[in-house]
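Architecture and fold: a report
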Amino acid sequence: MFSGKVQNGINAVNKIPSILCLATVVLLLPCTFSALQITFKAFVEVSIRFVRLGDVAEFDAETTTAISLASWCISPAPAAGLSLELDTNKIKTNLLQNIPSLQDIHWKGSATILLTRKGRPIGPGDIESSIATYIET
């Protein structure tokens, strides 16, 4: 159909996507073999209703995997002004059950996390007092 030189040129152009894919894989090899390291903190204070992995752990790299894992919701926060202890083994087990490809992650840090939520609890007496003060003024 085409002359030999033209056909060779077409074949070379057709190989460009394969060469680019191979080059991309070679460049990304160091990234895939260096495992992500996640270090759990011992004490964390939050001000939100739900705790994410990024709130209670530090990541050794800012990869797309780390960014995605940091947003993973791991627990509801305790009520305002109260504390909650989280078992890091349960957090790891939950993550690995939901995302089996995380087997290569290196986990470090505290075995438990003492999680405290900012604020102070407001009891019924506080509410009654506030209402009474408002009505009087």
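In this report, the structure presented in the accompanying data block is examined. (Residues numbered from 1 in each chain as written. Predicted model: local features only at pLDDT ≥ 70, side-chain atom pairs only at ≥ 80, totals over all residues. Heavy atoms only, no water.)

Time to look at the overall build of the protein chain. Across its full length, the protein chain carries five helices and eight strands. The helix and strand sequence of the protein chain, counted from the amino end, reads α-β-β-β-α-β-α-β-β-α-β-β-α. The burial tally for the protein chain puts 19% of its 137 residues in the buried class. Considering only contacts within the protein chain whose residues lie at least 6 apart along the sequence, 64% involve residues at least 24 apart. Carbon and sulfur atoms make up 60% of the accessible area of the protein chain, which totals about 9900 Å². (Helix = DSSP H or I, 4+ residues; strand = E, 2+ residues; numbered from the N terminus. Buried < 20%, exposed > 50% of the residue type's maximum accessible area, 1.4 Å probe, protein only. Contact = heavy atoms within 4.5 Å. Areas by Shrake-Rupley, 256 points an atom, 1.4 Å probe, with all protein chains shown as cover.)

In this description, a pair of aromatic rings is defined by centroid distance and the angle of the planes. Tallied over the entire structure, the rule returns one aromatic pair. Consider the rings of F40 and W107, whose centres lie 5.7 Å apart with planes at 5°: the pair is stacked. Residue F40 is found in strand β1 (residues 37–40), and its partner W107 is found in strand β7 (residues 106–109); the two are separated by 67 residues along the sequence. For F40, a relative accessible area of 4% puts it in the buried group. (Phe/Tyr/Trp six-rings, centres within 6.5 Å; stacked < 30°, edge-to-face > 60°.)

This part is about the sheet that holds strand β6 (residues 83–87). On the basis of which strands lie adjacent, the open sheet formed by three strands has the order β2-β8-β6 and mixed pairing. The sheet is open, and its two borders are formed by β2 (43–46) and β6, each paired with just one other strand. Averaged over all neighbouring strand pairs, the angle between strand axes comes to 25°, with direction disregarded. The pairing of β6 with strand β8 (residues 112–117) spans five bridges and is classified as antiparallel. The residue bridging E85 from the neighbouring strand is L114, located in β8. Sitting on the sheet, helix α4 (residues 88–98) touches β6 and β8, and the angle it makes with β6 is about 60°. (Pairing = 2+ DSSP bridges. Axes fitted to C-alpha atoms, helices over the stretch in contact; angles between N-to-C directions.)

Here we take up a nonpolar patch on the surface. A contiguous nonpolar surface patch, about 580 Å² in accessible area, is contributed by I122, I127, I131, Y134 and I135. The exposure class assigned to I122 is exposed, which follows from its relative accessible area of 56%. (Patch = residues over 30% accessible without salt bridge, like charges linked within 9 Å, V, L, I, M, F, W, Y side chains within 5 Å. Salt bridge = Lys/Arg side-chain N within 4 Å of Asp/Glu carboxyl O.)

We now examine α4. Residues T88, I91, K92 and L95 constitute the buried set of α4. Looking straight down α4, one finds its buried side chains confined to an arc of 95°; they lie on one side. Exposed residues lying more than 90 degrees from the buried face of α4 are K90 and Q97. The opening residue of α4, the one whose side-chain oxygen lies 2.9 Å from the backbone nitrogen of N89, is D87. (Arc of directions from axis to C-beta. Polar contact = N/O pair within 3.5 Å; in protein donor to acceptor, adjacent residues only side chain to side chain.)

Here the focus is the nonpolar core. If you look at the biggest cluster of nonpolar residues, it comprises 20 residues, and the most contacted ones within it are L53, V56, L69 and I91. Residues within four places of I91 in sequence aside, it is in contact with F40, L53, I74, L86 and I113. (Core = buried A, V, L, I, M, F, W, Y, C linked by side-chain atoms within 4.5 Å.)

Honestly, that's just the spatial picture; any functional story needs more than this.
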